[in-house]
Amino acid sequence: MEFPVEGNLSPFGMSRLVRGLVEIHHRPSRWLIAVVSFLFAFGLRYLIDDILPPGFPFLTFFPAVILTTFIGGLGPGMLVVVASALASWFFFIPPFNGLGIDGPAALALGFFVAVAIVDVAIIHLMFKWLLALDREREFSRQLASSRDLMFQEMQHRISNNLSVVSSLLRMQRRAVQDEAAIKALDAAATRLALISRIHRKLHNPDGQQLPFAAFLEDLCRDMLEAAGEQGNITCIVQGDELYLSSDRAVPVALIVAELVSNSLEHGFRGRQEGTIKVDLRKQSNEEVVLTISDDGAGLPDGFDLASVRSLGLLVARQLSEQIGASFSMLSAEGSVSEIRFHDL
C-alpha cells in the first residue's frame, strides 16, 4: 500500500490515505497489527518499569491504542484497549502479578479505559466522516464531468443545427429570383455558417484554452478563404495572450467577422490587394481594446455610424451594445474600427 508523504496533504492525497487505511481495516492482517502493537507497548512498558516512578501503569498503552485504531480500525483498537487494561491491572498496578485492586487504582484503571474508548470512538467516527466526504467529492466530480460532457454535446448540436439552417438557406436561394432576396439569403447563410464555426472552435476541449488572438487569426484566415481573397488580401492579427470568457468571445468574434467582411466588401472594391490588421490589447485598467484597420478606400464622406444602414455594421453595433462595449469607426489611410470593453 502506497501513501502520500507530503507535508501538507491535498484533498486528493488525503483521499488516497483514507482509502488505503480503510482497505487495511477490512483485511485479516489488521488483527496482527493489534497484537504486534500491544506486544511492543507491553514490552516497552516492562523494560522501563524500573526507570519510571510509581503511578504510570498505562504510559505506553495510550499510543498503542491510538495507532492500532488508526491503522487497523475499530475492532483491533478495542482489542488493544482490553488487553492493555488487563496487562496494566495484572503487571503494573499493585499488588503486582495479581488482580487485586484498591479504590484509587480502580479509578485510574476506569479512567484509562474510558479515555481509550473515547479515543477509539473519535478515530472511528473521523474515518466515517472522511469517507462520507470522499464519497461526496467523488459524486461532485462525476456531476461536474457529466455536466461538461452535456455542455460539449449541446454546443456540438448547436453548431450542427446552425450548419443545417445555413445549408437550408442556401438551398432556398436557388428558388428565389429577386436579387435583393438572393443577397439577403446569402448573407444570412454565411453568418449562420460563421456562427457555427465560432461555436465549434470556442466550445471544444482544445478551443477553451486557445488564446483569443490565435483564434481570431484562424477566423480571419477562414474568412479570406471563403471570400476567395487569400492570395491578394492579407490579414495580420496581433495582440496580447488573452482568454476571453465565452460570454465575450462569441459576440467579439462575430464583430470582428462583420468588420473584416465589411473591409473585404467595401474597402477593397476594385482592388486586387490590401492589408487588414486586427490588434487586441489589454490596458492597465483591465479594459480590452480591439482595433480592426485596413488600407482600403476608407469611409464615405458624411459617414455616421449611428445612422448606418449596412446590415453588417448594424449587427456589429448591436453586438457591441450587447456586451457593453464602445464602438467607433473613422477614416485614416483606410478605415479604422475600435471596440473597447471589459471582460467578465
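Remember, it's a predicted structure, so these values are computed and weren't measured experimentally.

Engineer: Just checking my understanding: could you explain the overall build of the chain for this structure?
Structural biologist: Within the chain, the regular secondary structure consists of nine helices and five strands. When the elements of the chain are put in sequence order from the N terminus, they spell out α-α-α-α-α-α-α-β-α-β-β-α-β-β. Since a compact globule built from 344 residues should have a radius of gyration of about 20 Å, the 38 Å found for the chain marks it as more spread out than a globular shape. With respect to the three principal axes, the spread of C-alpha positions in the chain is 115 × 45 × 35 Å. Split into buried and exposed, the 344 residues of the chain put 37% on the buried side. A separation threshold of at least 6 residues defines the contact pool for the chain, and within that pool the share at least 24 residues apart is 65%. Total accessible area computed for the chain in this model is approximately 20000 Å², and 60% of it derives from carbon and sulfur atoms.

Engineer: Looking at this structure, I do not really get the nonpolar core. What am I missing?
Structural biologist: When a protein is soluble and globular, its nonpolar side chains tend to lie buried together. The biggest cluster of nonpolar side chains holds 44 residues, and the ones touching the most others in it are Phe-212, Leu-216, Val-260, Val-278, Leu-290, Ile-292 and Ile-339. The dominant element in this core, judged by the number of residues it contributes, is helix H8 (residues 246-267), at eleven residues. Setting aside chain neighbours within four positions, we find Leu-290 in contact with Leu-216, Val-252, Val-256, Val-278, Asp-279, Leu-280, Ser-337, Glu-338 and Ile-339. Ala-41, Phe-42, Phe-58 and Ala-105 belong to the second-largest nonpolar core, a separate cluster that totals 19 residues.

Engineer: Is there a simple way to explain the packing of helix H2 (residues 29-47) against helix H3 (residues 61-72) in this structure?
Structural biologist: The axes of two packed helices give the description: the angle between them and the distance between them. Taken N-terminus to C-terminus, the directions of H2 and H3 make an angle of 165°; their axes are 9 Å apart at the nearest point. Classified by the angle their axes make, H2 and H3 are roughly antiparallel. Considering only the axes of H2 and H3, their crossing is right-handed. The residues of H3 that touch H2, namely those facing Arg-30, Ile-33, Ala-34, Ser-37, Phe-38, Ala-41, Phe-42 and Arg-45, are Phe-61, Ala-64, Thr-68, Ile-71 and Gly-72. For the contact of H2 with H3, the class distribution of residues is eight nonpolar, three polar and two charged.

Engineer: Where do I start with the environment of Phe-56 in this structure?
Structural biologist: Counting through the fold element by element, Phe-56 comes out in the loop between H2 and H3. For Phe-56, a relative accessible area of 39% translates into the label partly exposed.

Engineer: Would you mind showing me how to read the packing of aromatic side chains here?
Structural biologist: Two descriptors summarise a pair of aromatic rings, namely the distance from one centre to the other and the angle between the planes of the rings. This model, assessed by the stated rule, comprises twelve aromatic pairs. Look at Phe-90 and Phe-91: their rings are 4.9 Å apart centre to centre, the planes differ by 75°, and that puts the pair in the edge-to-face class. Through a chain of ring-to-ring contacts, the aromatic side chains of Phe-38, Phe-42, Tyr-46, Phe-61, Phe-90, Phe-91 and Phe-92 assemble into a single cluster. The lysine or arginine in question, Arg-45, covers the ring of Phe-92, its NZ or CZ lying 4.5 Å from the ring centre.

Engineer: What exactly am I supposed to notice about unusual backbone geometry here?
Structural biologist: With glycine set apart, most residues show a phi of negative sign, and most peptide bonds adopt trans. Residues Pro-94 and Pro-95 are joined by a peptide bond in cis, for which omega reads -5°. For Pro-95, the position within the fold is in the loop between helix H4 (74-92) and helix H5 (103-173).

Engineer: So what exactly am I meant to see when it comes to the pairing of strand S5 (residues 335-342) here?
Structural biologist: The two faces of S5 differ: Ser-335, Ser-337, Ile-339 and Phe-341 on one face are buried, but Val-336, Glu-338, Arg-340 and His-342 on the other face are not. With six bridges joining them, strand S4 (residues 326-331) and S5 adopt antiparallel strand pairing. Paired with Ser-326 across the strands is Arg-340, a residue of S5.

Engineer: When you look at helix H7 (residues 212-227) in this model, what are you seeing that I'm missing?
Structural biologist: Working note: α-helix, 3.6 residues per turn, so residues spaced by three or four point in the same direction. Compared with the 22 Å implied by 1.5 Å per residue over 16 residues, the 22 Å span of H7 between its first and last C-alpha is a close match. Within H7 the residues assigned to the buried category are Phe-212, Ala-213, Phe-215, Leu-216, Leu-219, Cys-220, Met-223 and Leu-224.

Engineer: Help me out: how do you make sense of the environment of Ser-335 in this one?
Structural biologist: Inspection of the secondary structure assignment puts Ser-335 in strand S5. Overall, the relative accessible area of 8% leaves Ser-335 in the buried class. Linking Ser-335 and Ser-163, residues 172 residues apart in sequence, is a C-alpha distance of 32 Å. When residues no more than four places from it in sequence are discounted, the contact partners of Ser-335 are Ser-263, Ile-292, Ser-293, Asp-294, Gly-298, Leu-299 and Leu-330.

Engineer: Would you explain the side chain of Asn-262 in this entry?
Structural biologist: Inspection of the secondary structure puts Asn-262 in helix H8. Residue Asn-262 is classed as buried on the basis of its relative accessible area of 14%. The residues contacting Asn-262, other than those within four sequence positions of it, are Gly-267, Ser-310, Leu-313 and Met-329.

Calculation criteria
Counting of residues starts from 1 at the beginning of each chain's written sequence and follows it residue by residue. Side-chain atom pairs in this predicted model are given and counted only at pLDDT of 80 or more, local residue features only at pLDDT of at least 70, and totals for whole chains, interfaces and linings cover all residues. Only hydrogens and water are set aside when side-chain values are computed; all heavy atoms of the structure are taken into account. Here a helix means four or more residues in a row that DSSP labels H or I, a strand means two or more in a row labelled E, and each is numbered from the N terminus. As a reference, a globule follows 2.2 Å times the number of residues to the power 0.38, and the radius of gyration itself is taken over C-alpha atoms. Any residue under 20% of the maximum accessible area for its type is buried, any over 50% is exposed, and the rest in between are partly exposed; the area is computed with a 1.4 Å probe on protein chains only. Throughout, a residue-residue contact means that at least one pair of heavy atoms, one from each residue, lies within 4.5 Å. Note on areas: Shrake-Rupley with a 1.4 Å probe; residue coverage comes only from the protein chains shown. What makes a nonpolar core is a set of buried Ala, Val, Leu, Ile, Met, Phe, Trp, Tyr and Cys residues whose side-chain atoms join them at distances within 4.5 Å. Lines are fitted to the C-alpha atoms to define the axes, a helix being fitted only along its stretch in contact, and any angle between axes, read from their N-to-C directions, falls within 0 to 180 degrees. Roughly parallel covers angles under 35 degrees, roughly antiparallel covers those over 145, roughly perpendicular covers 65 to 115, and oblique covers all other angles. Note on convention: near helix rotated counterclockwise from far helix by under a right angle means a left-handed crossing. Clockwise means right-handed. Throughout, the ten residues Ala, Val, Leu, Ile, Met, Phe, Trp, Tyr, Cys and Pro are labelled nonpolar, Asp, Glu, Lys and Arg are labelled charged, and all others, Gly among them, are labelled polar. Stacked, edge-to-face and tilted are the three classes for Phe, Tyr and Trp ring pairs, Trp counted by its six-membered ring, which pair at centre distances within 6.5 Å; planes under 30 degrees apart are stacked, over 60 edge-to-face, the rest tilted. For a Lys NZ or an Arg CZ to count as sitting over a ring, it must be within 6 Å of the ring centre and within 35 degrees of the ring normal. Following DSSP output, two strands are said to pair if at least two bridges run between them. For a helix, the expected span equals 1.5 Å multiplied by the residue count minus one.

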